[in-house]
Amino acid sequence: MRLAVLFRDSSLAVIDKPAGLAVDEDVVPLAARELAPAGGRAWPRVVHRLDRGTSGCLVLALTRAAAQGLARALDQGQWEKVYLAAVEGSPPDSASLDTPYGPDPRDRRRFTTRLETPRRARLGYEVARRLPGACLLRIRLGTGRTHQIRVQLSEAGFPLLGDEVYGTRHAGIGRPALHAERLAFPHPVGGQRIECTAPLPEDFSRLLADLGCKSGW
């Protein structure tokens, strides 16, 4: 397998992560081999993560200084992260979710908004396309909590299609229907704005086509 590189320089790389690959166990070793300079070595540093089942834009730092700069910009809210999600039901045309967030006390492998904690999770979404029994949402992430989009939408009544943990299995896709479409952030060295977009993968496009959605979302 070869990684699709959306942007690369000596400090960082943005890749289009395929669904089904874990960031630490799969993506980093692949990137270490493919992104190393000629005759040299590189061990990419992870600044943020995507779930195994999520596809799309993922940043890897190639130097310690870049990792520190990217993490600082992320903490300061200077990243823009946009996702596409196919969900069950008929959500409002647009909404913002700002909820408590933490591990589910009944199952520490899961997360929930239904608990008392000062830790918050924030996102906003708009409907990109309404489909029979489903919607395609474009989501702007305000915080980057583990499983956040899957949990917040599910507990708001709109679980992702194909999410067997927080929703239900769907015959049209074998994973949660979630794609990191766009990522923008300041370069950790030069400061210029880096903007990358990952095309919708085949399984997600096929799901939308099966639901009656044509291109143009």
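Residues numbered from 1 in each chain as written. Predicted model: local features only at pLDDT ≥ 70, side-chain atom pairs only at ≥ 80, totals over all residues. Heavy atoms only, no water.

*Asks:* Give me the lowdown on empty space enclosed by the protein, citing residues and values where you can.
*Replies:* Take a probe with the size of a water molecule and roll it over the atoms, and the empty space left behind shows itself. Evaluation of the coordinates by the stated rule reveals 1 cavity of 30 Å³ or more. Each pocket or cavity is described by its volume, and for the largest cavity that value is around 30 Å³. His48, Leu50, Cys57, Lys81, Val82, Tyr83, Ala180, Arg182 and Leu183 together form the lining of the largest cavity. For the lining of the largest cavity, the secondary-structure elements that each account for two or more residues are strand 5 (80–88) and strand 11 (178–186). A per-class count over the lining of the largest cavity returns 6 nonpolar, 1 polar and 2 charged. (1 Å grid on protein atoms, 1.4 Å probe; cavity = no way out; pocket = protein on both sides within 12 Å on 5 of 7 lines; lining within 4 Å. Points joined across faces, edges and corners; volume = space filled by probe spheres on them. Helix = DSSP H or I, 4+ residues; strand = E, 2+ residues; numbered from the N terminus. Nonpolar A, V, L, I, M, F, W, Y, C, P; charged D, E, K, R; others polar.)

*Asks:* Lay out helix 2 (residues 64–75) in plain terms, naming residues and giving numbers.
*Replies:* Residues spaced three or four apart along an α-helix face the same direction, because each turn holds 3.6 residues. For helix 2, which comprises 12 residues, the first-to-last C-alpha distance of 17 Å matches the rise-based estimate of 16 Å (1.5 Å per residue) to within 8%. Those residues of helix 2 that fall on the buried side of the exposure criterion are Ala66, Ala67, Gly69, Leu70 and Ala73. Projection of helix 2 onto a plane perpendicular to its axis shows the buried side chains occupying an angular sector of 170°, all on one side. Among the exposed residues of helix 2, those oriented more than 90 degrees off its buried face are Arg64, Ala65 and Asp75. (Expected span 1.5 Å × (residues − 1). Buried < 20%, exposed > 50% of the residue type's maximum accessible area, 1.4 Å probe, protein only. Arc of directions from axis to C-beta.)

Remember that the coordinates give geometry; whether it matters functionally is a separate question.
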